[in-house]
Amino acid sequence: DERNFMREETRAYQDWLPFSHKLQRGLALFLLMSLMATLVVLYVVRYQPKLAKDTAQIVKVSVLLVVTHLFWLLLSRPPWHAGLIPLTFTAMVLTIAYRPPFALLTSFSFCIALTASKGNNMDHLLVQITGQAVAILLMRNVRTRTHLLEIGAAAGLGYVGMTVAASLLNHQTQ
């Protein structure tokens, strides 16, 4: 099976890497995650003081992000390749529960962390943030579930559009 071969090859490559490389990558990821978290905390303290003072709400947002990550890990694998669904859902929930700027910042920071931790390239990040930005920015005066489905469809179109654009750009530069 080709997937097993690729996994074994990846595992062999990672085993071959020196400890200093693994330590450097771990330190870089820790620094990146810390900076993203600090950015979100600074925003919350400055622009959403009610959220900053409510530990229960902070725990709920944190649990939402952990659950989103777990669903992303589960759904981003073959045969599903549907990791964008939990990301979009979470972006929409954060927009409804809080303010769109908070949802944008949190979603973008989360996507940067996911992309960096998985070692994906910039294409993945662009696709993720485009669809989420479409969903967040269209979430205004939502009164029906049908409107939520329309917003989800628009986000899907954003994902498709950016996937095509990134693919075309990649083929141009190679």
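What comes next concerns the included structure. (Residues numbered from 1 in each chain as written. Predicted model: local features only at pLDDT ≥ 70, side-chain atom pairs only at ≥ 80, totals over all residues. Heavy atoms only, no water.)

1. What to know about the overall build of the chain
Looking only at helices and strands, the chain has 8 helices and 0 strands in total. With the C-alpha coordinates aligned to their principal axes, the bounding extent of the chain is approximately 50 × 35 × 30 Å. For the chain, restricting intrachain contacts to residue pairs at least 6 apart in sequence, the fraction spanning at least 24 positions comes to 63%. Summing over all exposed atoms, the chain offers an accessible surface of approximately 11,900 Å²; the carbon and sulfur share of this is 67%. Separation of charge centres in the chain, based on 15 positive and 8 negative side chains, amounts to 18 Å. (Helix = DSSP H or I, 4+ residues; strand = E, 2+ residues; numbered from the N terminus. Contact = heavy atoms within 4.5 Å. Areas by Shrake-Rupley, 256 points an atom, 1.4 Å probe, with all protein chains shown as cover. Lys, Arg positive; Asp, Glu negative; His and termini not counted. Charge placed at Lys NZ, Arg CZ, Asp CG, Glu CD.)

2. Observations regarding the layout of surface pockets
Considered as a void within the structure, the largest pocket measures approximately 1,000 Å³ in volume. Forming the walls of the largest pocket are 24 residues, and the residues nearest its centre are Ser76, His81, Lys118, Asn120 and His124. Of all the secondary structure elements, the ones that give two or more residues to the lining of the largest pocket are helix 1 (2–16), helix 4 (55–75), helix 7 (122–138) and helix 8 (145–173). It is helix 1 that provides the largest number of residues to the lining of the largest pocket, a total of 6 residues. Considered class by class, the residues forming the lining of the largest pocket number 8 nonpolar, 10 polar and 6 charged. Each pocket or cavity is described by its volume, and for the second largest pocket that value is around 590 Å³. Looking at the lining of the second largest pocket residue by residue, the class counts come to 17 nonpolar, 5 polar and no charged. (1 Å grid on protein atoms, 1.4 Å probe; cavity = no way out; pocket = protein on both sides within 12 Å on 5 of 7 lines; lining within 4 Å. Points joined across faces, edges and corners; volume = space filled by probe spheres on them. Nonpolar A, V, L, I, M, F, W, Y, C, P; charged D, E, K, R; others polar.)

3. Comments concerning the side chain of Thr115
Structurally, Thr115 can be placed in helix 6 (residues 100–118). Among the residues examined, Thr115 registers a relative accessible area of 6% and is labelled buried. Apart from residues no more than four positions distant in its own chain, Thr115 is found in contact with Asn120, Asn121, Leu125 and Gln128. (Buried < 20%, exposed > 50% of the residue type's maximum accessible area, 1.4 Å probe, protein only.)

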